[in-house]
Amino acid sequence: MLRVQTAADRAAWSRYAFEFLMFGIKQGWACLFGGAMLALILATHFFWPGDAPVSRYDFLVVAAIAIQAAMLALKLESWEEARVIFLFHIAGTVMELFKTAHGSWVYPEDSLLRIGAVPLFTGFMYAAVGSYIARVQRIFSIGVSHYPPLWTTWVLAAAIYVNFFAHHWLPDVRLGLFAATVLLFGRGWFYFTADRTRRAMPLLLGYGLVALFIWFAENLGTFARAWTYPDQSGGWEPVSLHKLGAWFLLMIISVVLVSLVHRPVPEVSRPDRRE
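This one's a predicted model, so the numbers in the text were calculated from it and none came from an experiment.

Student: So what exactly am I meant to see when it comes to the overall build of the protein chain here?
Tutor: Scanning the protein chain from terminus to terminus reveals ten helices and five strands. At 20 Å, the protein chain has a C-alpha radius of gyration in line with the 19 Å of a compact globule built from 275 residues. Counting contacts in the protein chain only where the partners sit at least 6 residues apart, residues at least 24 apart contribute 72% of the total.

In structure tokens form, the structure reads like this:
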């Protein structure tokens, strides 16, 4: 890799290309848990035998536990991170129970390892988001500036979570939640290192990009019939862009939960703008 890096330094375009390559590799490494789960969802959709003695959903539960155990054994995640990721699992499962009861989406296949209409592998999909956020902070040595006071982020995350449930009976206040998010995080910046140069990105842009990639993953997940929305009952259709807003708000909850273990690290020096 050092040899490739040295060769890339001979021209500006190749240096940028190498940095972009390193950014992609590190991002892929950060979302190891989520990537493995998505790969299994797609693989079992295409290759799971119809007469298998174990249901596809139950296999995904066991596989998710095995992946989590391997990441802990190989020290790819710490036990402190695993405890926070477990909170993602609980929060996600509670949301799944509520949303499936109200017909927001369904899991069309049978399984034994489930609570009501919710297969247990679903909690791991939320946990994958937490795993990514915890790992990406370490892998990219992320620092922040103008991060809001922690107590304000906790209040915002609680309000977002409550609204996911309450909007079924009360007015949906997500526009107000978007406004509050911009108010709190609008001045904030990420600082990260993909190769050698310190780079910067607005917090809101970073959260938005992650939400966009989760939306892409959701399209693959529904294509693989891991779950389906009502408008996909007659055949697969792309997930509505409206879901991007929900994933963006979920990102805020995710960041706040991870901050219980990884407190935001202030960026102590200006990023190196060397080209």
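Student: Where do I start with the environment of G35 in this structure?
Tutor: Mapped onto the elements of the fold, G35 is located in helix α3 (residues 32-47). Between the C-alpha atoms of G35 and A101, which are 66 residues apart in sequence, the distance is 28 Å.

Student: Quick question: what am I supposed to make of the packing of aromatic side chains here?
Tutor: For any pair of aromatic rings, geometry is given as the distance between the ring centres together with the angle between the planes. Per the stated rule, a full pass over the model turns up 21 aromatic pairs. Ring geometry for Y57 versus F121: centroids 5.1 Å apart, planes at 45°, classification tilted. Of the two residues, Y57 sits in helix α4 (residues 56-73) while F121 sits in helix α6 (residues 121-139), which places them 64 residues apart along the sequence. Side by side, Y57 and F121 carry an identical accessibility label, which is buried. Aromatic pair W215 and F216: ring centres 5.4 Å apart, planes at 55°, arrangement tilted. Given a relative accessible area of 12%, W215 falls into the buried group. Here F216 falls in the partly exposed class, since its relative accessible area comes to 38%. An aromatic cluster of at least three residues, connected via ring pairs, comprises F46, F47, F223 and W236.

Student: What is the right way to look at empty space enclosed by the protein in this model?
Tutor: Summary: where empty space remains is shown by rolling a probe the size of a single water molecule over the atoms. Applying the stated criterion across every chain yields a total of two cavities of 30 Å³ or more. Considering the residues around the largest cavity, the lining is formed by F88, A91, G92, M95, Y126, Y161, L250, I253, S254 and L257.

What counts, and at which threshold
Residues numbered from 1 in each chain as written. Predicted model: local features only at pLDDT ≥ 70, side-chain atom pairs only at ≥ 80, totals over all residues. Heavy atoms only, no water. Helix = DSSP H or I, 4+ residues; strand = E, 2+ residues; numbered from the N terminus. Rg over C-alpha atoms; globule rule 2.2 N^0.38 Å. Contact = heavy atoms within 4.5 Å. Phe/Tyr/Trp six-rings, centres within 6.5 Å; stacked < 30°, edge-to-face > 60°. Buried < 20%, exposed > 50% of the residue type's maximum accessible area, 1.4 Å probe, protein only. 1 Å grid on protein atoms, 1.4 Å probe; cavity = no way out; pocket = protein on both sides within 12 Å on 5 of 7 lines; lining within 4 Å. Points joined across faces, edges and corners; volume = space filled by probe spheres on them.

These results come straight from atomic positions and should not be treated as a statement about function.
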